[in-house]
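What the coordinates show
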Amino acid sequence: MADRVTVIGWDGSPLTRAARSALSAATLVAGAAHHLALPEVPPGAERIRLGSVGLAARRIAGHRGSAVVLADGDPGLFGVVRTLRAPEYGLEVEVVPAVSSVAAAFARAGMPWDDAQIVVAHRRTLRRAVNVCRAHPKVAVLTSPGAGPAELALLLDGIHRTFVICEELGTDREQVTVLTSDKVADHMWRDPNVVIVIGGTAGPVPLTGTGGWIAGRDPGYPPAVRGWALPPAEAPARGEGEFAGLRAAQLARLGPRTGDLVWDIGSGSGALAAEAGRFGAAVIAVDNDPEACRRTEAAARRLGVQIQVVHGRAPHVLERLPEPDVVRIGGGGVPVVTAVADRRPQRIVTHASTRDEAEAIGAALGAGGYGVECALLQSVELDTSDWSERERSVVFLLCGRQPDPRPRPPSTDGPG
């Protein structure tokens, strides 16, 4: 068992006295190649090239002596500290932090970052990182080989953003480049790098002149709008099957969240698309009616969210869209349901006005391999001046659910 494990963050600046003291006493040093080449690493210490942090942790746990792990930036931010502190290794960890690469990147750009989302992009998480860039106006992406600036830009196809690409921060080869997203894939980028992705119509929370009160985007933005599945008086003009009770049930079954991509097919008033965006999801709203597209854009502006609006007729227009996580179908019947099921989203939610239509849609979902849930929803709006019935809505709500696969536990290793 290692007597002590000290994790040292390195941001390119000279090591602190505490870091030099820990290194001088180390009998094992783990890090990337450029860390192991530092002159402060004792020549007689065992050296481990840091690839998998889990494998290195097992080696350290079996080592007799003092171990040091070197990592770029702040090792407590998406870094090695989380893995090393896992109970199965039984390690006592001390941390000597440095400036995180995210903080350094925003400093180089001369920008505040308390209103930024921070994500890690691996090959397996790249799509979700891209969805965050779709949904939020300021995102810092900690990249990795195969999930770098070019891959981010390619998956953002059709979404205009500005990239601030910070390569090899803290080294003699440091370089900061600002490009529009359509130009990024034309270049080769050096690792490690951090990408700041900026743009879109939704801005940071304008609470006071000194900024917001919580890191990332304020979940209560905009302050004037409270609640979700807003009633008709507060929601934009609605279309068929868009009463608030149905929208609430659809959102509850979709469960849109940060990192998801939601398709809203037949967006109508745009109310559901805009509210899905308020949950942090990226949203693509599709409608064949130009006026519905304009209403959806207006709803997004009103609620301060970013939505990509696509004018076109489903199911044909869906062929060129990126893969969805959850889908709401506002119209189009069985052909659209079948086309969406072929794309294998986790959930599909739609509605029908008659039992025959509901049975046909349920059969299409079942044929696509989905478990089917159906409920008959009835809503009666009352005029509270005399408590008379104002409007009655009756609709069948259908939800198709993919069988829940056993998810792989997320890696706790840093971005590289």
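These numbers were taken from a predicted model, which means no experiment stands behind them.

Brief notes about the overall build of the protein chain
- A tally of helices and strands in the protein chain yields 13 helices and 17 strands.
- Burial analysis of the protein chain (416 residues in total) assigns 50% to the buried set.
- Working note: accessible area of the protein chain is about 19900 Å², and carbon and sulfur atoms make up 53% of it.

Description of the pattern of salt bridges
- The final tally for this structure, using the stated rule, is 19 salt bridges.
- Ionic pairing is found between aspartate 325 and arginine 128, a salt bridge with its closest N-O pair at 3.8 Å. Of this pair, aspartate 325 sits in the loop between strand E13 (307-311) and strand E14 (326-329) while arginine 128 sits in helix H6 (residues 126-135), placing them 197 residues apart in sequence.
- You can call aspartate 325 buried: its relative accessible area is 3%.

Section: a nonpolar patch on the surface
- Together, Val380, Leu382 and Trp387 make up an exposed nonpolar region whose accessible area comes to about 310 Å².
- You can see tryptophan 387 is positioned in the loop between strand E16 (371-383) and strand E17 (388-401).

With respect to the sheet that holds E17
- Read from one edge of the open sheet, seven strands run E13-E12-E11-E14-E15-E17-E16, paired in mixed fashion. The two strands at the open ends of the sheet, each matched to only one other strand, are E13 and E16. In this sheet, neighbouring strand axes are inclined to one another by 20° on average, regardless of whether the strands run parallel or antiparallel.
- By the bridge criterion, five bridges tie strand E11 (residues 261-265) to strand E12 (residues 282-287) in an arrangement that is parallel. Residue pairing in the sheet places tryptophan 263 in a bridge with isoleucine 284 of E12.
- Set on the sheet, H6 makes contact with E11, E12 and E13; between it and E12 the angle comes to about 70°.

Topic: the nonpolar core
- Counting 27 residues, the largest nonpolar core has Trp263, Ile265, Leu318, Ile329 and Val340 as the members making the most contacts within it.
- When contributions to this core are tallied by element, the ones reaching two or more residues are E11, E12, E14, helix H12 (333-341), strand E15 (347-352), helix H13 (355-367) and E17.
- Once residues within four sequence positions are removed from consideration, tryptophan 263 is found in contact with Ile284, Leu318, Leu321, Pro322, Pro324, Val326, Val327, Arg328, Val340 and Arg343.
- Residues Leu251, Ile307, Val395 and Leu397 belong to the second largest nonpolar core, which totals 26 residues.

A word on the pairing of E13
- As defined by bridge partners, E12 adjoins E13 across five bridges and the pair is classed as parallel. In the strand pairing of E13, aspartate 287 is matched with histidine 311.
- Handedness of the crossover is the feature at issue here: the chain leaves E12, passes through helix H11 (residues 290-303), returns alongside E13, and the resulting connection is right-handed.

Considerations on the side chain of threonine 296
- Its location among the elements puts threonine 296 in helix H11.
- The class of threonine 296 is buried, set by a relative accessible area of 0%.
- For threonine 296, the residues in contact, after removing those within four places along its chain, are Ser267, Gly268, Ser269, Gly270, Ala273, Ala285, Ile307 and Val309.

Some details on the confidence of the model for the protein chain
- Chain-level pLDDT for the protein chain is 90 on average; 90% of the residues reach the 70-or-more range.
- Taken as a whole, residues 203-208 scores under 50 in pLDDT and shows 10 contacts with residues more than four places along the chain or in a different chain.

Remarks on unusual backbone geometry
- The omega torsion across aspartate 191 and proline 192 is -5°, close enough to zero to call that bond cis.
- Mapped onto the secondary structure, proline 192 falls in the loop between helix H8 (181-184) and strand E10 (193-198).
- Positioned with a positive phi, glutamate 168 is a non-glycine residue whose angle comes to about 45°.
- Along the chain, glutamate 168 turns up in the loop between strand E8 (162-167) and strand E9 (175-180).
- Notably, tryptophan 387 is not glycine yet its phi reads approximately 55°, a positive angle.

Brief notes about the sheet that holds strand E6 (residues 117-120)
- The five strands are arranged E6-E7-E10-E8-E9 in an open sheet whose pairing can be described as mixed. The sheet is open, and its two edges are formed by E6 and E9, each paired on a single side. Within this sheet the neighbouring strands show an average axis-to-axis angle of 20°, counted without direction.
- Taken together, the five bridges between strand E7 (residues 138-142) and E10 define a ladder with antiparallel strand orientation. By the bridge assignment, valine 139 is partnered in E10 with valine 197.
- Along the sheet, H6 makes contact with E6, E7 and E10, crossing E6 at roughly 160°.

Thoughts on helix H3 (residues 53-61)
- Considered for burial, the residues of H3 that qualify are Val53, Gly54, Ala56, Ala57, Ile60 and Ala61. Angular distribution of buried residues about the axis of H3 spans 160°; they occupy a single face of the element.
- The residue sitting at the N-terminus of H3 and contributing the capping side-chain oxygen is serine 52; that oxygen lies 3.4 Å from the backbone nitrogen of glycine 54.

Observations concerning H6
- Taken across its 10 residues, H6 has eight buried, putting it largely inside the fold.
- Those residues of H6 not exposed but buried are Leu126, Ala129, Val130, Asn131, Val132, Cys133, Arg134 and Ala135.

What counts as what
Residues numbered from 1 in each chain as written. Predicted model: local features only at pLDDT ≥ 70, side-chain atom pairs only at ≥ 80, totals over all residues. Heavy atoms only, no water. Helix = DSSP H or I, 4+ residues; strand = E, 2+ residues; numbered from the N terminus. Buried < 20%, exposed > 50% of the residue type's maximum accessible area, 1.4 Å probe, protein only. Areas by Shrake-Rupley, 256 points an atom, 1.4 Å probe, with all protein chains shown as cover. Salt bridge = Lys/Arg side-chain N within 4 Å of Asp/Glu carboxyl O. Patch = residues over 30% accessible without salt bridge, like charges linked within 9 Å, V, L, I, M, F, W, Y side chains within 5 Å. Pairing = 2+ DSSP bridges. Axes fitted to C-alpha atoms, helices over the stretch in contact; angles between N-to-C directions. Contact = heavy atoms within 4.5 Å. Core = buried A, V, L, I, M, F, W, Y, C linked by side-chain atoms within 4.5 Å. Right-handed = clockwise from strand over helix to strand, strands pointing away. pLDDT = per-residue confidence, 0-100. Arc of directions from axis to C-beta. Polar contact = N/O pair within 3.5 Å; in protein donor to acceptor, adjacent residues only side chain to side chain.

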